[in-house]
Amino acid sequence: FFFLLFSIIHFQLSISKVAFGAGEFTTNYNLRYQVNPDGVVHVSQDITLTNKLSAVYATKYSLILPSTKIQNVKATDKVGPSQTEIKQNDKATTIIITFNEPVVGANKTLEFNLNYESLDIARKNGEVWEINIPKIANESDVDNYSVSLAVPTSFDKPAFIRPEPIETLTEGDFSVYRFVKSQLTKSGINAAF
């Protein structure tokens, strides 16, 4: 199995006479990786960004994925669809989201969603589906982080899942395995069905 490095998250921030670091915001992530029967993985990221300072505000969000096999990128917030810009080189894809309304003011929160499809998280090797979800790259920049891996029930029982999920559910035609931040700081999710 190959290990993907988790996306590096950068905030492109506007500054008002203050120098600061990533600690000026709290970030909460709820990610869902839904593997379709053809191996295309729909990724949905619900992100909450909370500003800690009044003199700093975020106008954009940038995500670097260690893959060039990304398609159908869409972002939305409470105002509606957000502008996205995609940049690719031979090893990575950068997705830049411009917020409809910047996060201005201390304790102000912006909730937004990023959706895309990945063609290389799930791979079929003979009769076995191998799934590799990257670990958290910069855990200090992440306050809360949860991941759900949804696979078709037609994939049957897993041969293995590492780490062990904290919860397993059935949602319609999908088996859903849930993970939390503490499980994903040293390694990502590796599974075979």
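Residues numbered from 1 in each chain as written. Predicted model: local features only at pLDDT ≥ 70, side-chain atom pairs only at ≥ 80, totals over all residues. Heavy atoms only, no water.

(A) View of the pairing of strand β9 (residues 109–118). The element β9 is largely enclosed, with a buried count of 8 among its 10 residues. Inspection of the sheet shows strand β3 (residues 41–51) paired to β9 by 10 bridges, in the antiparallel sense. Within the sheet, the bridge partner assigned to H42 lies in β9 and is E117. In this sheet, β9 lies alongside strand β5 (residues 70–77) in antiparallel orientation, the contact comprising 6 bridges. Within the sheet, the bridge partner assigned to Q71 lies in β9 and is E117. (Buried < 20%, exposed > 50% of the residue type's maximum accessible area, 1.4 Å probe, protein only. Helix = DSSP H or I, 4+ residues; strand = E, 2+ residues; numbered from the N terminus. Pairing = 2+ DSSP bridges.)

(B) Broad picture of the confidence of the model for the protein chain. Scored by pLDDT, the protein chain comes out at a mean of 86, with 89% of its residues at no less than 70. Contacts from residues 1–21, a stretch scored under 50 in pLDDT, to residues over four places away or in other chains number 63 contacts. (pLDDT = per-residue confidence, 0-100. Contact = heavy atoms within 4.5 Å.)

(C) Quick look at the sheet that holds strand β6 (residues 80–81). Taken together, 8 strands build an open sheet; the order of strands is β6-β5-β9-β3-β2-β12-β15-β14 and the sheet is mixed. Two strands lie at the open edges of the sheet, namely β6 and β14 (167–171), each paired on one side alone. With 7 bridges joining them, strand β2 (residues 25–35) and strand β12 (residues 144–152) adopt parallel strand pairing. Each residue of the ladder has a partner; that of N28, found in β12, is N144.

(D) Local environment of the environment of S82. Its location among the elements puts S82 in the loop between β6 and β7 (83–88). According to the relative accessible area criterion, S82 is buried, its value standing at 10%. When the C-alpha positions of S82 and L114 are compared, they lie 9.4 Å apart, and in sequence the two are 32 residues distant. Residues contacting S82, with those up to four places away along its chain left out, are A75, T76, D77, I97, T98 and N100.

(E) Examining unusual backbone geometry more closely. At the junction of R162 and P163, the peptide bond is cis and its omega measures out at -5 degrees in the coordinates. Along the chain, the position of P163 falls in the loop between β13 (160–162) and β14. The backbone phi angle of N107 is positive, close to 65 degrees, even though this residue is not glycine. Positionally, N107 belongs in the loop between β8 (93–103) and β9. Even without being glycine, D156 reaches a positive phi, approximately 70 degrees.

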